Amino acid sequence: MMDKNAPRGTRTGFTTGACSAAAARAATLGLLTGQVPDRIECLLPNGDLVTFSVLDGAVNGDTAHAMVIKDAGDDPDCTDKAHLTADVTLRRDLPGQVLLTGGFGVGTVTMPGLGLAVGGPAINPVPRRNITANVQAAAGELLDEAGFEVCISVPQGVEMAKKTLNARLGILGGISILGTTGIVKPYSTAAYRASVVQGVQVAGTLGHGVVVLTTGGRTEKFVMAEMPHLPEPAFVQMGDFLRYAMSAAVKAGLKQVVIGGMVGKLTKIAQGETITHAGRAEVDTGLLADIAAGLGAAQDVCDAIRGNETARYAGERMDALGLGAAFHKALAQRVIQTLQARYPDKFDLKVLVCDFDGRKIAEAP
């Protein structure tokens, strides 16, 4: 499944979403053949086909059970070794449909601001699509006459969730099923920090005088479309390591730093955080409430933003008022102010903001 001989600190792993999709695909195949396979080839969101080991396979009438153990690689993820479990039931009353539910150990969404339905399972959009696609691929023509109900559960999820900020975000009773590519990179390791610094150093040798820093693959794709004149080495996925990237930009003598991001990470930067990992600091929703107030939002809206735990909620409330673009531009300006104070007269700064689908919302200056 992965290169076990990779240098320590660089070995990639798989997301909870990818493991859930593999388990669901294996269970679905078990319904078709009468036996759950002990290995399953799964399509990841990034397009890769990866073979996973499957445990606890069982078929009981119209229901099949399968489990995949997550290997997070060298990322110190609290969900490493989680048992991502899928119970797939044939639903002859739902032809053509794949119904996704959450079982024990998968958190329930209780507050808005996460882009997920309140009351539903904390299974993010990309994993939802990936699980569905793998079930459909395994089911084949049977989907013409029947549907499938897929219940994802994580036996250790309740305990694992205690090591996350899920409860503060209104996700109760378990972990979230996450992942936009299916691959876990060791963002939290010294090796990854070193790769960020090296990326900025390479950008400094290109002659363009600019480095574009992004928080992940989705924001990188967005800024690449916005700045097609720049070569690929000018773009660096800094992950959560703003501090190391900015320090490297200073040392490289770059004249411009462009930051591409979404509301959550940008809020962390605006409030002065230089390591933006979710577990390191909470989002300062008071800062977002102040920005909203400055744009004329009513007091009850500002109070609701201040009392919520997510930056996304603030953006959604301001969108509803027709002030979304102005709000995100003001946030981008606050990012610039914060970084200019930390790195005075070092480089020009530009911030590009996209939504959770990678569409441009605003930019500053």
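Residues numbered from 1 in each chain as written. Predicted model: local features only at pLDDT ≥ 70, side-chain atom pairs only at ≥ 80, totals over all residues. Heavy atoms only, no water.

Here we look at the overall build of the protein chain
The test is simple: The secondary structure listing takes helices from DSSP runs of H or I that are at least 4 residues long and strands from runs of E that are at least 2 residues long, numbered from the N terminus. Here the term buried applies to any residue with accessible area under 20% of the maximum for its type, exposed to any over 50%, and partly exposed to those in between, with areas from a 1.4 Å probe on protein chains only. Should any heavy atoms of two residues lie within 4.5 Å, those residues are counted as being in contact. Accessibility throughout is a Shrake-Rupley quantity obtained with a 1.4 Å probe, and a residue counts as covered only by protein chains that appear here. Residues scored as charged are limited to Lys and Arg (positive) and Asp and Glu (negative), so that His and the chain ends carry no count. Charged side chains are reduced to one point each, which is NZ for Lys, CZ for Arg, CG for Asp and CD for Glu.
Of regular secondary structure, the protein chain possesses 11 helices and 18 strands. With the C-alpha coordinates aligned to their principal axes, the bounding extent of the protein chain is approximately 70 × 50 × 35 Å. Across the 365 residues in the protein chain, those meeting the buried criterion constitute 49%. A fraction of 66% describes how many contacts in the protein chain between residues 6 or more apart in sequence connect residues 24 or more apart. Summed over its atoms, the accessible surface of the protein chain is roughly 15,900 Å², and 50% of this surface lies on carbon and sulfur atoms. One finds the centroid of the 34 positive side-chain charges in the protein chain at a distance of 7 Å from the centroid of its 36 negative side-chain charges.

Here we look at the packing of helix α10 (residues 311-320) against helix α11 (residues 324-342)
The condition that has to hold: The convention used is that axes are lines fitted to C-alpha atoms, helices contributing only their stretch in contact, and that angles between N-to-C directions extend from 0 to 180 degrees. Should an angle lie under 35 degrees it is considered roughly parallel, over 145 roughly antiparallel, and from 65 to 115 roughly perpendicular; all remaining angles are considered oblique. By the convention adopted, Pro, Cys, Tyr, Trp, Phe, Met, Ile, Leu, Val and Ala count as nonpolar, Lys, Arg, Asp and Glu as charged, and the other residues, Gly among them, as polar.
It is the contact of α10 with α11, at a shortest axis distance of 7 Å, that shows an interaxial angle of 140°. In terms of orientation, α10 and α11 fall into the oblique class. The residues of α11 that touch α10, namely those facing Ala314, Gly315, Met318 and Asp319, are Gly324, Phe327 and His328. When its residues are assigned to classes, the contact of α10 with α11 shows 3 nonpolar, 3 polar and 1 charged.

Focus on the packing of aromatic side chains
Inclusion rule: Ring geometry is summarised as follows: Phe, Tyr and Trp rings, the Trp one being its six-membered ring, pair when their centres sit within 6.5 Å, and such pairs are stacked at plane angles under 30 degrees, edge-to-face over 60 and tilted between the two. Here, a charge over a ring is recorded when the distance from Lys NZ or Arg CZ to the ring centre is within 6 Å and its angle to the ring normal is within 35 degrees.
Considering all chains together, one arrives at 3 aromatic pairs under this definition. Between tyrosine 343 and phenylalanine 347, the aromatic rings sit 6.0 Å apart at their centres with planes inclined by 40°, giving tilted as the arrangement. Take tyrosine 343 and phenylalanine 347: they sit in the same class, and that class is buried. For arginine 312, the ring lying beneath its charged end belongs to phenylalanine 356, and the centroid distance is 3.7 Å.

As for helix α1 (residues 16-33)
Note the threshold: Helix span is expected to be 1.5 Å times the residue number reduced by one.
For α1, with 18 residues, the first-to-last C-alpha span of 26 Å sits near the 26 Å given by 1.5 Å per residue. By the criterion of burial, α1 is predominantly enclosed, with 15 of the 18 residues buried.

Some points on unusual backbone geometry
For the peptide bond that leads from alanine 364 to proline 365, omega is 0°, which places it in the cis range. The residue proline 365 is located in the segment after β18 (360-364) in this model. Backbone geometry places lysine 81, a non-glycine residue, at a positive phi of 70°. Locating lysine 81 in the fold gives a position in the loop between β5 (63-69) and β6 (83-91). Phi angles above zero are rare outside glycine, and aspartate 345 is one such case at about 60°.

Quick look at the packing of α1 against helix α2 (residues 125-139)
Heads up, the condition is: Handedness of each helix crossing follows the sense of rotation of the near helix against the far helix: counterclockwise by less than a right angle gives left-handed, clockwise gives right-handed.
The interhelical angle for the contact between α1 and α2, taken along N-to-C directions, is 20°, at an axis separation of 8 Å. As far as their axial angle goes, α2 and α1 are roughly parallel. Pair α1 / α2 crosses with right-handed handedness. Residue-level contacts link Gly17, Ala18, Ser20, Ala21, Ala24, Arg25, Thr28, Leu29 and Leu32 of α1 to Pro127, Asn130, Ile131, Asn134, Val135, Ala137, Ala138 and Ala139 of α2. Of the residues in the contact of α1 with α2, the class split is 11 nonpolar, 5 polar and 1 charged.

Quick look at the environment of threonine 85
Cut-off, in case you're wondering: Pairs of N or O atoms within 3.5 Å make up the polar contacts considered here, provided that, within protein, one atom can donate a hydrogen while the other can accept it, and that residues adjacent in sequence are counted only when both atoms are side-chain atoms.
Inspection of the secondary structure assignment puts threonine 85 in strand β6. A residue is classified by how much of its surface remains accessible, and threonine 85, at 6% relative accessible area, is buried. Separated by 76 residues in the primary sequence, threonine 85 and alanine 161 place their C-alpha atoms 16 Å from one another. In this structure, threonine 85 is in contact with His65, Ala66, Met67, Cys151, Ile152, Ser153 and Pro155, ignoring residues within four places of it in sequence. Within the local environment of threonine 85, its side chain forms a polar contact with the backbone oxygen of histidine 83, the two atoms lying 3.2 Å apart.

Looking at the pairing of strand β16 (residues 256-261)
Quick reminder of the rule: Should DSSP find at least two bridges between two strands, the strands are taken to pair.
Within β16, 5 of the 6 residues are buried, which leaves the element mostly enclosed by the surrounding structure. With 6 bridges connecting them, β16 and strand β17 (residues 348-354) associate as parallel partners. Counterpart to glycine 260 in the pairing with β17 is leucine 352.

Focus: the sheet that holds β6
If you walk across this open sheet you meet the 5 strands as β4-β5-β6-β10-β7, and the pairing is mixed. At either end of the open sheet lies a strand with only one pairing partner, and these are β4 (55-60) and β7 (98-102). The mean inter-strand angle of the sheet, taken between neighbouring strand axes irrespective of direction, is 15°. Here 5 bridges tie β7 to strand β10 (residues 147-153), and the two strands are oriented parallel to one another. When the sheet's bridge partners are listed, leucine 100 is paired in β10 with valine 150. Packing of α1 onto the sheet brings it into contact with β4, β5, β6 and β10, and relative to β6 it is tilted by some 40°.

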